[in-house]
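Coordinates in review
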Amino acid sequence: MGDFDYDLFVIGAGSGGVRASRVAASHGARVAVAEEGRLGGTCVNVGCVPKKLLVYASSYAQAFEDSAGFGWREGSREHRWPQLIAAKDREITRLNAVYRRMLDASGVEVVEARARVVGPNTVSVGGREISARYILLATGGRPFVPAIPGADLAITSNEAFYLDELPRRMAIVGGGYIAVEFAGIFNGLGVETQLVYRGDLVLRGFDLDIRATLSDELRKAGIIVHYNSAPAALEQREAGIGLLLRDGGELEADRIMMATGRVPNSADLGLEQVGVKLNERGAVVVDAYSQSSVASIYAVGDVTDRIALTPVAIAEGKAVADTLFGGAESAPDHDNVPSAVFSQPNVATVGLTESEARARFAHVDVYRASFRPMRHTLSGRDTRSLMKLVVDRETERVLGCHMVGEDAGEIIQGLAVALKCGATKSQFDATIGIHPTAAEEFVTMRTPV
Ligand code: NDP
């Protein structure tokens with residue numbers, strides 16, 4: 001591989017790019033990674049990590065309220081947003097440094113600049129042209145904002161992490177992961193929060209029972225949800241920002257956040273010029289091995305618009321490094337990928353929804369438990385958890401596990417292992433529960449609904 005400056009040149013030091021770089025280097029490849037922003041990409045800087053910290057922050061509000069039922073004297077609590085943001089920023093700076101150390105320790109060269117592809121084996125970065133046997137695109141995605149009049153008055157999740165002060169009134173447009181997570185964050189922190197969604201139940205694509213349960217819970221938590229409401233325009237007003245709706249309705253808030261999906265970062269990278277095929281959404285088209293239409297150029301993570309989740313990008317990055325330098329052709333497995341939505345309460349899921357299962361299997365059994373979590377027998381909070389198993393009657397295989405409730409992500413992670421192993425309903429039944437937990441419901445549901 002001596003004819004090139006590097007064996008692998010990675011563009012983008014987010015979850016996928018960093019993992020690919022480190023694994024490739026561990027296989028003996030000479031690797032460089034270019035990053036124009038901060039190390040760690042969306043997840044570390046404006047995604048999973050700061051989001052979860054804000055979710056923790058906002059969830060104290062409920063905990064304080066609930067504590068009264070357990071004998072704690074109620075007291076007034078005041079949240080200090082600038083302190084939270086400063087603490088969050090310190091943690092992210094620490095993580096940026098951890099990423100830096102990890103890359104340095106792996107022998108990966110970090111180039112702090114934007115790179116462009118100028119040939120199948122050449123990138124241009126910081127005024128230099130660098131050759132590489134392989135190029136890996138790991139440039140991620142960014143928020144998509146619909147092109148409506150006044151759209152520039154809105155913020156996206158990128159800015160929500162850096163607001164100087166907490167608004168009094170917040171309106172969030174969208175009904176996906178980011179919309180429901182931020183609705184919970186702002187609502188928990190005491191902001192009057194409205195969610196504006198064009199559909200009739202949040203989290204399209206998730207199991208219907210989960211969607212219905214979360215929709216109820218958002219309302220019970222005090223979030224004002226407007227369904228079947230699509231944004232038409234934003235306008236600056238004296239008292240705030242007006243959001244005009246397509247059906248003629250309108251509302252007003254101090255901040256309006258668009259959580260209307262994300263798009264791949266594929267523009268202005270020179271991709272079309274070198275013949276890298278993009279799809280209609282601008283995503284790099286790749287095969288099962290993450291190879292693009294140009295043999296020496298690979299792509300992983302959100303820029304490929306497959307499953308936009310950090311652990312998936314990491315798996316894709318590792319598979320590319322193993323394929324190219326580890327002597328083991330390796331394709332990432334996109335089946336039974338679990339995921340959690342850090343709404344309040346959490347949602348988590350792995351496998352098929354009931355309707356997906358019914359479309360694929362002749363006989364599907366569904367097991368469902370809906371209950372008031374034990375904590376709230378004393379707190380008095382009106383909230384319910386839902387657990388659901390979707391089973392193929394013929395083989396008894398569990399096809400899907402779904403949950404709305406506290407720590408759903410922690411619980412479904414374990415069940416995802418069971419699904420990966422092809423667990424059957426009898427094996428779930430033969431598993432002894434841990435009492436008293438919510439999770440034990442998953443092994444004690446006996447009668448299909
Ligand atoms: P999603 O695709 O999940 O949701 C986008 C939402 O915006 C949908 O409700 C969609 O409506 C709505 N929407 C899209 N276009 C418009 C429009 N023009 N006008 C009005 N509404 C619109 O995207 P997110 O931005 O929430 O998140 C992007 C991805 O990032 C997620 O899909 C997920 O893969 C990942 N993510 C994962 C997280 C996690 O693991 N916890 C957290 C955050 C993000 P409709 O349903 O009708 O299409």
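Scroll up to find the structure.
Remember, it's a predicted structure, so these values are computed and weren't measured experimentally.

**Section: the overall build of the chain**
Looking only at helices and strands, the chain has 13 helices and 21 strands in total. In terms of C-alpha radius of gyration, the chain reaches 24 Å, essentially the compact-globule figure of 22 Å for 449 residues. Burial status across the chain gives 50% buried among its 449 residues. Across the chain, the fraction of contacts at a sequence separation of at least 24, relative to all contacts at a separation of at least 6, is 63%. When the accessible area of the chain is evaluated, it comes to approximately 20,700 Å², of which 50% is carbon and sulfur surface. Counting 47 positive and 56 negative side-chain charges, the chain places the averaged centre of each group 2 Å from the other.

**Notes on the sheet that holds strand E11 (residues 231-236)**
With antiparallel pairing, 3 strands are arranged side by side in an open sheet as E11-E12-E13. Each having just a single partner strand, E11 and strand E13 (250-253) make up the two edges of the open sheet. Averaged over all pairs of adjacent strands, the angle between their axes in this sheet comes to 20°, without regard to strand direction. Strand direction decides the pairing type here: E11 and strand E12 (residues 241-245), joined by 5 bridges, are antiparallel. Residue pairing for E12: Pro231 is matched across the bridge by Leu245.

**Here we look at the pairing of strand E19 (residues 364-371)**
Most of E19 sits inside the fold, with 6 of its 8 residues counted as buried. Taken together, the 8 bridges between E19 and strand E20 (residues 385-392) define a ladder with antiparallel strand orientation. Paired with Val366 across the two strands is Val390, which belongs to E20.

**A short note on the pattern of salt bridges**
Pairing between side chains of opposite charge can happen when their charged atoms approach one another. This structure, assessed with the given rule, holds 31 salt bridges. Ionic pairing is found between Glu181 and Lys51, a salt bridge with its closest N-O pair at 2.8 Å. Taken together, the residues span a long stretch of sequence, with Glu181 in helix H6 (residues 177-188) and Lys51 in helix H3 (residues 48-67) at a distance of 130 residues. Given the relative accessible area of 4%, Glu181 is considered buried. Linking Asp429 and Lys425 is a salt bridge whose minimum nitrogen-to-oxygen distance equals 2.6 Å. Here Asp429 pairs with Lys425, and both are found in helix H13 (residues 425-430), just 4 residues apart, close to one helical turn. Looking at Asp429, the relative accessible area reads 28%, which means it is partly exposed. Three or more residues joined by partner-sharing salt bridges are found here, namely Arg169, Glu235, Arg237, Glu250, Glu252 and Asp254.

**Let's talk about the environment of Lys220**
In this structure, Lys220 sits in helix H7 (residues 208-220). For Lys220, a relative accessible area of 30% puts it in the partly exposed group. Those residues in contact with Lys220, other than ones at most four positions away along the chain, are Asp382, Thr383 and Arg384. Here Glu217 takes part through its side chain, which lies 3.0 Å from a polar atom of the side chain of Lys220.

**With respect to the site of the ligand**
With respect to spatial proximity, 20 residues lie near the ligand, and among them Gly175, Ile178, Tyr197, Arg204 and Ala340 are the closest. Separating an oxygen atom of the ligand from a backbone N or O atom of Ala259 is a distance of 3.4 Å. A distance of 2.7 Å separates a nitrogen atom of the ligand from a polar atom in the backbone of Ala340. Burial of the ligand by the protein chains amounts to 77% of its free accessible area of 910 Å². A total of 3 residues in the shell around the ligand trace back to one element, the largest contributor, which is H6. Here the shell around the ligand is built from residues that sort into 10 nonpolar, 5 polar and 5 charged.

**Concerning the packing of H3 against helix H4 (residues 81-106)**
Contact geometry for H3 and H4: axes closest at 10 Å, N-to-C directions at 145°. For the element pair H3 and H4, the recorded crossing hand is right-handed. Residue-level inspection shows Val49, Pro50, Leu53, Leu54 and Ala57 of H3 in contact with H4, the latter providing Trp81, Leu84, Ile85, Lys88, Glu91, Ile92 and Leu95.

**Observations concerning the nonpolar core**
With 58 residues, the main nonpolar core has Ile172, Phe186, Cys401 and Phe442 as its most contacted residues. Sequence-distant contacts of Phe442, that is, excluding residues within four places in its chain, are made with Met387, Lys388, Leu389, Cys401, His402, Met403, Ile411, Ile412, Leu415 and Phe428. Counting 28 residues, the second largest nonpolar core, distinct from the first, contains Leu8, Ala20, Ile92 and Val110.

**Description of the sheet that holds E20**
Across a sheet, strands are paired by hydrogen bonds formed along the backbone, either parallel or antiparallel in direction. Strand order across the open sheet formed by 5 strands is E17-E18-E21-E20-E19, with antiparallel pairing between neighbours. The two strands at the open ends of the sheet, each matched to only one other strand, are strand E17 (339-341) and E19. Direction aside, the axes of adjacent strands within the sheet are offset by 10° on average. Those strands touched by helix H12 (residues 408-420) are E17, strand E18 (347-351) and strand E21 (398-404), and its axis lies near 175° from that of E21.

**Concerning helix H9 (residues 310-325)**
Residues three or four positions apart in an α-helix share a direction because the helix packs 3.6 residues into each turn. With 16 residues, H9 ought to run about 22 Å at 1.5 Å a step, and its terminal C-alpha atoms sit 22 Å apart, in line with that. If you check which residues of H9 are buried, you get Val312, Ala313, Glu316, Gly317, Ala319, Val320, Ala321, Asp322, Thr323, Leu324 and Phe325. Close packing links the buried residues of H9 with strand E1 (6-11), helix H1 (15-26), strand E6 (128-137) and strand E16 (297-299).

**With respect to the pairing of E1**
Taken across its 6 residues, E1 has 6 buried, putting it largely inside the fold. Pairing of E1 with E6 involves 5 bridges; the strand directions are parallel. By the bridge assignment for E6, Leu8 is matched with Tyr134. The pairing of E1 with strand E2 (residues 31-34) spans 4 bridges and is classified as parallel.

Cut-offs applied
- Residues numbered from 1 in each chain as written.
- Predicted model: local features only at pLDDT ≥ 70, side-chain atom pairs only at ≥ 80, totals over all residues.
- Heavy atoms only, no water.
- Helix = DSSP H or I, 4+ residues; strand = E, 2+ residues; numbered from the N terminus.
- Rg over C-alpha atoms; globule rule 2.2 N^0.38 Å.
- Buried < 20%, exposed > 50% of the residue type's maximum accessible area, 1.4 Å probe, protein only.
- Contact = heavy atoms within 4.5 Å.
- Areas by Shrake-Rupley, 256 points an atom, 1.4 Å probe, with all protein chains shown as cover.
- Lys, Arg positive; Asp, Glu negative; His and termini not counted.
- Charge placed at Lys NZ, Arg CZ, Asp CG, Glu CD.
- Pairing = 2+ DSSP bridges.
- Axes fitted to C-alpha atoms, helices over the stretch in contact; angles between N-to-C directions.
- Salt bridge = Lys/Arg side-chain N within 4 Å of Asp/Glu carboxyl O.
- Polar contact = N/O pair within 3.5 Å; in protein donor to acceptor, adjacent residues only side chain to side chain.
- Near = heavy atom within 4 Å.
- Nonpolar A, V, L, I, M, F, W, Y, C, P; charged D, E, K, R; others polar.
- Left-handed = near helix turned anticlockwise from the far one by under 90°.
- Core = buried A, V, L, I, M, F, W, Y, C linked by side-chain atoms within 4.5 Å.
- Expected span 1.5 Å × (residues − 1).

Note that every value here comes from positions in space, so none of it alone points to a role or purpose.
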